[in-house]
Amino acid sequence: MRKSSKILCELINVISELSKIEAGNIELAHSNFWLFMLLNELCSVWGAIAKEKGRTLNILHNEGLPDYFRGDSSRLTQILNN
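Below is a summary of the structure that appears in this document. (Residues numbered from 1 in each chain as written. Predicted model: local features only at pLDDT ≥ 70, side-chain atom pairs only at ≥ 80, totals over all residues. Heavy atoms only, no water.)

## Concerning the packing of helix H1 (residues 2–23) against helix H3 (residues 73–81)
The packing of two helices is summarised by the inter-axis angle and the distance between the axes.
Part 1 of the reasoning: Between H1 and H3, the least distance of the axes is 10 Å, while the angle of their chain directions is 100°. Relative to H3, the element H1 is oriented roughly perpendicular. In this structure, H1 uses Ile-7, Glu-10, Val-14 and Glu-17 to contact H3, whose residues at the interface are Ser-74, Arg-75, Thr-77, Gln-78 and Asn-81.
Part 2 of the reasoning: Taken together, the residues of the contact of H1 with H3 sort by class into 2 nonpolar, 4 polar and 3 charged. (Axes fitted to C-alpha atoms, helices over the stretch in contact; angles between N-to-C directions. Helix = DSSP H or I, 4+ residues; strand = E, 2+ residues; numbered from the N terminus. Parallel < 35°, antiparallel > 145°, perpendicular 65-115°, else oblique. Contact = heavy atoms within 4.5 Å. Nonpolar A, V, L, I, M, F, W, Y, C, P; charged D, E, K, R; others polar.)

## Some points on helix H2 (residues 35–52)
Part 1 of the reasoning: Its 18 residues give H2 an end-to-end C-alpha distance of 26 Å, which sits within 8% of 26 Å, the value for a rise of 1.5 Å per residue.
Part 2 of the reasoning: Taken as a whole, H2 carries its principal kink of about 30° at Trp-46.
Part 3 of the reasoning: Looking at the buried residues of H2, the elements they touch are H1, strand S1 (31–34), strand S2 (68–71) and H3.
Part 4 of the reasoning: Just downstream of H2, Gly-54 is the residue with a positive phi angle, here 75°. (Expected span 1.5 Å × (residues − 1). Bend = angle between axes of the 7 residues up to and from the residue.)

Structure, rendered in structure tokens:
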């Protein structure tokens, strides 16, 4: 429930930022984030929805990928949720 509410809050923030995007005033965050943790959180939320529909959702990753990435994890989460 907490993860779903977090996603909802992020979506509300996206809606409020649409005017910034249209005006060209959007700024992206530049921070390190653990990609696997981000994907795991998304999988737990969307995996429950998939399970209700008789499906499964799994994360497959290449062992050669770095653990941490630098970028805007909030925006990436929004993109993947959409």
